[in-house]
Amino acid sequence: MSEKKIPVSTEAAPAAIGPYSQAVRVGETLYASGQVGLDPVTGQIVEGGVEAQTVRVFENIKAVLAEAGLGFEHVVKTTVFLKNMGDFAAMNAIYAKYLAPEGVVPPARSTVAVAALPKDALVEVEIIARS
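Calculation criteria
Residues numbered from 1 in each chain as written. Predicted model: local features only at pLDDT ≥ 70, side-chain atom pairs only at ≥ 80, totals over all residues. Heavy atoms only, no water. Salt bridge = Lys/Arg side-chain N within 4 Å of Asp/Glu carboxyl O. Helix = DSSP H or I, 4+ residues; strand = E, 2+ residues; numbered from the N terminus. Buried < 20%, exposed > 50% of the residue type's maximum accessible area, 1.4 Å probe, protein only. Contact = heavy atoms within 4.5 Å. Polar contact = N/O pair within 3.5 Å; in protein donor to acceptor, adjacent residues only side chain to side chain. Expected span 1.5 Å × (residues − 1). Phe/Tyr/Trp six-rings, centres within 6.5 Å; stacked < 30°, edge-to-face > 60°. Lys NZ or Arg CZ within 6 Å of the ring centre and 35° of its normal.

**Student:** Is there a simple way to explain the pattern of salt bridges in this structure?
**Tutor:** Under the defined criterion, the tally for this structure stands at three salt bridges. Residue Arg130 is joined to Glu28 by a salt bridge in which the shortest nitrogen-to-oxygen separation is 4.0 Å. With Arg130 in strand E6 (residues 123-130) and Glu28 in the loop between strand E2 (23-26) and strand E3 (29-36), this pair connects stretches of sequence that are 102 residues apart. Overall, Arg130 belongs to the partly exposed group, its relative accessible area being 43%. Its salt-bridge partner being Lys62, residue Glu59 comes within 3.6 Å of it at the nearest N-O pair.

**Student:** Could you clarify how one ought to interpret the environment of Ser131 in this entry?
**Tutor:** Topologically, Ser131 is positioned in the segment after E6. Given the relative accessible area of 41%, Ser131 is considered partly exposed. Linking Ser131 and Glu73, residues 58 residues apart in sequence, is a C-alpha distance of 9.2 Å. Those residues within four positions of Ser131 in sequence are excluded, and the remaining contacts are Arg25, Glu28, Leu70 and His74. Within the structure, the side chain of Ser131 is placed 3.0 Å from the side chain of Arg25, a separation counted as a polar contact.

**Student:** Mind showing me how you'd approach helix H1 (residues 49-67) here?
**Tutor:** Because an α-helix completes one turn every 3.6 residues, residues spaced three or four positions apart along the sequence face the same direction. In this model H1 runs 27 Å from its N-terminal to its C-terminal C-alpha over 19 residues, within 8% of the 27 Å that 1.5 Å per residue would give. Taken together, the buried positions of H1 are occupied by Val50, Gln53, Thr54, Val57, Phe58, Asn60, Ile61, Ala63, Val64 and Leu65. Buried-residue contacts for H1 involve strand E1 (5-8), E2, E3, strand E4 (75-82), helix H2 (88-99) and E6. Gly69 sits one or two positions beyond H1 and adopts a positive phi of about 75 degrees.

**Student:** Teacher, can you tell me more about the packing of aromatic side chains here?
**Tutor:** For any pair of aromatic rings, the description consists of the separation of the ring centres together with the inter-plane angle of the planes. Enumeration according to the criterion identifies four aromatic pairs in this entry. For the ring pair Phe58 and Tyr98, a centre distance of 5.1 Å and an interplane angle of 20 degrees mean the geometry is stacked. Here the residue Phe58 occupies a position in helix H1, and Tyr98 occupies one in helix H2, the gap between them amounting to 40 residues. Neither residue differs from the other here; Phe58 and Tyr98 are each classed as buried. Centre to centre, the rings of Phe72 and Tyr98 are 5.4 Å apart; their planes meet at 65 degrees, and the pair counts as edge-to-face. Residue Phe72 is located in the loop between H1 and E4, and its partner Tyr98 is located in helix H2; the two are separated by 26 residues in the primary sequence. Three or more aromatic residues link up through ring pairs in this structure, and these residues are Phe58, Phe72, Tyr95 and Tyr98. Lying across the ring of Tyr95, Arg109 places its NZ or CZ 4.4 Å from the centre.

These results come straight from atomic positions and should not be treated as a statement about function.
In structure tokens, the structure reads:
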């Protein structure tokens, strides 16, 4: 596979809201921009708190991975940004369903609390995946 930087984009995830790509593939590695709980159809943050936003985040990531011909089993590193570290347990339960089901080696992860996120989101997740 080429070591050239190739953009990855899908309409099944929210469009980039700035000068960046949804994801970039270099060789066998996919670097995906952070996803927040934006509905790709309405462009609005989903209602329902951190749980609903976390589900939407992972559905958006799933769409980007699929566009690259990958799945969650290919994710090797994640970074989770939380507006409130008090939401960690709720986010973590949903994270585990997508990235750490029975028999799957979970990716490495960093989780940090931040002062604010785009569109006043409660959670953002970025991933690195490898085919």
